[in-house]
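Each chain, written out:
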Amino acid sequence: MTSSGIAAGSLLVTLLAVAMTILSPAMTSAFASDRPASAGLSATGPEAMLVKSLQEIADSRMDSALTGIEQVLHANPNFRLAHLIKGDLLLARTRPISAMGETAGTGQQQITDLRDEARARVRRHLEPVPGDRMPKYLLQMQPEQKYAAIADTGKSRLYIFENVGGKVRYVADYYISSGKNGSQKLKEGDKKTPIGVYFITANVPREKLTDFYGGKAFPINYPNEWDKRHGRSGYGIWLHGTPSDTFSRPPRASDGCVVLSNQDLDRLSPKLQVGVTPVIISDRIDWVKPEDTVLLRDRLARHLENWRRDWESGNIEAYLKNYGRDFVSGNQGRSEWAQHKRQVNASKSWIKVGISNIGMFLYPGREDLAVVDFDQEYASNNLSNKMRKRQYWMKENDTGPWKIIYESAA
């Protein structure tokens, strides 16, 4: 028995059925160790405080756990998971409990949802961000891209990375909710979150939102060019907050959006730049050493420079070789588009092409597809313009070169 009279064994069976029974044996062992309750955890922030209380339950420190949960609720009275844990802690004072959420009035689906949320939050603290690694997708960020956001729908986390002189540095991560039916969005209404490389397109102010979206919303450009090419439909995929009476939603609760708590979105929003910040969504993040991205980045940079040089040379056939056989432009396939480019090029006596501020992002779930953005400055004897351009580069086979399969203004 603990000092408060709670049967520690009954509460551990449940973890309130969270940390003990729904995590893997290895994770359970790491969680319920002999280490101090605060080991490896920051005591600040509602999530860290909640996880610390769960660890104290695993260490049979029930009074301290209850005190911690009450502190969380004092600061965040709409945190439903914390309410459920407090209810179980109080109920366990009077009788043994064998399942999470025996507190009267809590439906089974809500208990399941809250258990899933607890699992996701605990897992984050048992599997911290690897300090010597980075997501493989961030090949190169251009100077204006001060931050990048990478969502892992499988772990219900959004990771934020800062561009520090061209090098990527981890800043923070947040619990998120995503599509009710998982990821890999295919069509409108499937309640799935898309997988891909996207960019923030707007900042929707509070006065234009209903309470459902919280205080802020940041739409992204789903469907992007790759999605449209594969017939994926739908719209209105946003990063947004929660209703005023809800601290957080279950891991699988949105119609496809990425949802954060309002206080987390408040912290994040100054880092999100409209038209600039990349939002990469994956169902599993691949972490690599920074040097592992250098080879691919340099290879793509050489291909991009070859494309620029071939265009500037006026050698139209050399220029066209940079484009893959599956290249499309609007309603034109490669053959029709190439014929058009030959006609345009015939009127040029000279061409100058400059590119700068290059960003490169490997597409999640693929080793053969990359999104490349850059500023383009074009001049010829009869035309000049400046634009932000976006290209999709694809490797045509395991040993072959990378080719452009799509390009447009960004």
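Keep in mind that this is a model prediction, so the values were computed, not measured.

1. Some thoughts on the pairing of strand 16 (residues 351–362)
- Pairing between strand 2 (residues 138–140) and strand 16: two bridges, direction antiparallel. Each bridged residue has a counterpart across the sheet, and for Gln140 the counterpart in strand 16 is Met360.
- Pairing analysis gives 10 bridges linking strand 16 to strand 17 (residues 369–380), with the strands arranged antiparallel. Across the sheet, the residue bridging to Gly354 is Glu377, located in strand 17.
- What sits between strand 16 and strand 17 in their antiparallel hairpin is a turn of six residues, with Gly365 showing a positive phi close to 85 degrees.

2. Comments concerning the sheet that holds strand 4 (residues 157–164)
- Here we have five strands laid out as an open sheet, ordered 5-4-3-12-7, and mixed in their pairing. At either margin of the open sheet sits one strand with a lone partner, and together these are strand 5 (167–175) and strand 7 (196–199). Going across the sheet, the axis of each strand differs from the next one's by a mean of 25 degrees, ignoring polarity.
- Pairing of strand 3 (residues 147–152) with strand 12 (residues 278–282), which is carried by four bridges, proceeds in the parallel orientation. Bridging across to strand 12, Ile150 finds its partner in Ile280.
- Here helix 6 (residues 108–126) sits on the sheet and contacts strand 4 and strand 5; the angle it forms with strand 5, its principal contact strand, is near 150 degrees.

3. What to know about the nonpolar core
- The biggest cluster of nonpolar side chains holds 45 residues, and the ones touching the most others in it are Leu158, Leu239 and Leu268.
- Elements with a contribution of two residues or more to this core: strand 3, strand 4, strand 5, strand 7, helix 8 (262–268), strand 12, strand 17 and strand 18 (384–395).
- When residues of this core are assigned to their parent elements, the largest contribution, five residues, is made by strand 3.
- The next biggest cluster of nonpolar side chains, apart from the first, holds 25 residues, and it includes Leu296, Phe327, Ala338 and Leu362.

4. Topic: the pattern of salt bridges
- In this structure the tally under the stated criterion is 31 salt bridges.
- Taking the shortest distance from any N to any O, the salt bridge between Asp368 and Arg366 comes out at 2.8 Å.
- If you follow the salt bridges from partner to partner, you end up with Glu47, Glu117, Arg121, Arg124, Arg157 and Asp173 in one network.

5. Observations concerning the packing of aromatic side chains
- Tallied over the full model, the rule gives 18 aromatic pairs.
- Seen from their ring centres, Tyr323 and Phe327 are 4.9 Å apart, and the 75 degrees between their planes marks the pair as edge-to-face.
- Exposure remark for Tyr323: the relative accessible area of 3% places this residue in the buried category.
- By relative accessible area, which is 1% here, Phe327 ends up buried.
- One aromatic cluster is present, formed by Trp307, Trp311, Tyr319, Tyr323, Phe327, Trp337, Phe374 and Tyr378 through successive ring pairs.
- Note that Arg121 overlies the ring of Tyr175, its terminal NZ or CZ placed 4.1 Å from the centroid.
- The ring of Tyr147 has Lys271 lying over it, and the distance from NZ or CZ to the ring centre is 5.6 Å.

6. Observations regarding the packing of helix 5 (residues 80–91) against helix 6
- One way to put it is that helix 5 packs onto helix 6 with a least axis distance of 10 Å and a crossing angle of 105 degrees. Regarding the angle of helix 5 to helix 6, the classification is roughly perpendicular. For the pair formed by helix 5 and helix 6, the contact residues are Arg80, Leu81 and Leu84 on the first element and Gln110, Leu114, Glu117, Ala118 and Arg121 on the second.

7. Observations regarding the confidence of the model for the protein chain
- Chain-level pLDDT for the protein chain is 87 on average; 86% of the residues reach the 70-or-more range.
- Every residue in residues 1–43 scores below 50 in pLDDT, and together they form 96 contacts with partners more than four places removed in sequence or on other chains.

8. Re the side chain of Arg157
- Along the polypeptide, Arg157 turns up in strand 4.
- A polar contact of 2.7 Å, which involves the side chain of Arg157, links it to the side chain of Asp173.
- The contact partners of Arg157, leaving out residues within four places of it in the chain, are Glu47, Arg124, Ile150, Ala151, Asp152, Asp173, Tyr174, Tyr175 and Ile176.

9. A look at helix 11 (residues 334–345)
- Helix length check: helix 11, at 12 residues, gives a terminal C-alpha distance of 16 Å against a target of 16 Å (1.5 Å per residue), a fit within 8%.
- For helix 11, the full list of buried residues reads Trp337, Ala338, Lys341 and Asn345. Seen along its axis, helix 11 keeps its buried residues to an arc of 100 degrees; they face one direction. Among the exposed residues of helix 11, those oriented more than 90 degrees off its buried face are Ser335 and Gln343.

10. Comments concerning helix 5
- For helix 5, with 12 residues, the first-to-last C-alpha span of 16 Å sits near the 16 Å given by 1.5 Å per residue.
- Taken residue by residue, helix 5 has Leu81, Ala82, Leu84, Ile85, Gly87, Asp88, Leu89 and Leu91 as its buried positions.

11. A closer look at the sheet that holds strand 18
- Strand order in the open sheet formed by five strands is 2-16-17-18-19, and the pairing between neighbours is antiparallel. Across the chains shown, the open sheet's two edge strands, defined by having one partner strand only, are strand 2 and strand 19 (402–409). On average, each strand axis in the sheet is tilted by 25 degrees relative to the strand beside it, whichever way the strands run.
- This element, helix 9 (residues 294–313), spans strand 2, strand 16, strand 17, strand 18 and strand 19 of the sheet and lies at about 160 degrees to strand 16.

12. Considerations on the pairing of strand 19
- With six of eight residues buried, strand 19 is to be regarded as a mostly interior element.
- Pairing analysis gives seven bridges linking strand 18 to strand 19, with the strands arranged antiparallel. Within strand 19, the residue paired with Trp393 across the bridge is Ile404.
- Following strand 18, the chain reverses through six residues before pairing antiparallel with strand 19.

The rules behind these values
Residues numbered from 1 in each chain as written. Predicted model: local features only at pLDDT ≥ 70, side-chain atom pairs only at ≥ 80, totals over all residues. Heavy atoms only, no water. Pairing = 2+ DSSP bridges. Helix = DSSP H or I, 4+ residues; strand = E, 2+ residues; numbered from the N terminus. Axes fitted to C-alpha atoms, helices over the stretch in contact; angles between N-to-C directions. Contact = heavy atoms within 4.5 Å. Core = buried A, V, L, I, M, F, W, Y, C linked by side-chain atoms within 4.5 Å. Buried < 20%, exposed > 50% of the residue type's maximum accessible area, 1.4 Å probe, protein only. Salt bridge = Lys/Arg side-chain N within 4 Å of Asp/Glu carboxyl O. Phe/Tyr/Trp six-rings, centres within 6.5 Å; stacked < 30°, edge-to-face > 60°. Lys NZ or Arg CZ within 6 Å of the ring centre and 35° of its normal. Parallel < 35°, antiparallel > 145°, perpendicular 65-115°, else oblique. pLDDT = per-residue confidence, 0-100. Polar contact = N/O pair within 3.5 Å; in protein donor to acceptor, adjacent residues only side chain to side chain. Expected span 1.5 Å × (residues − 1). Arc of directions from axis to C-beta.

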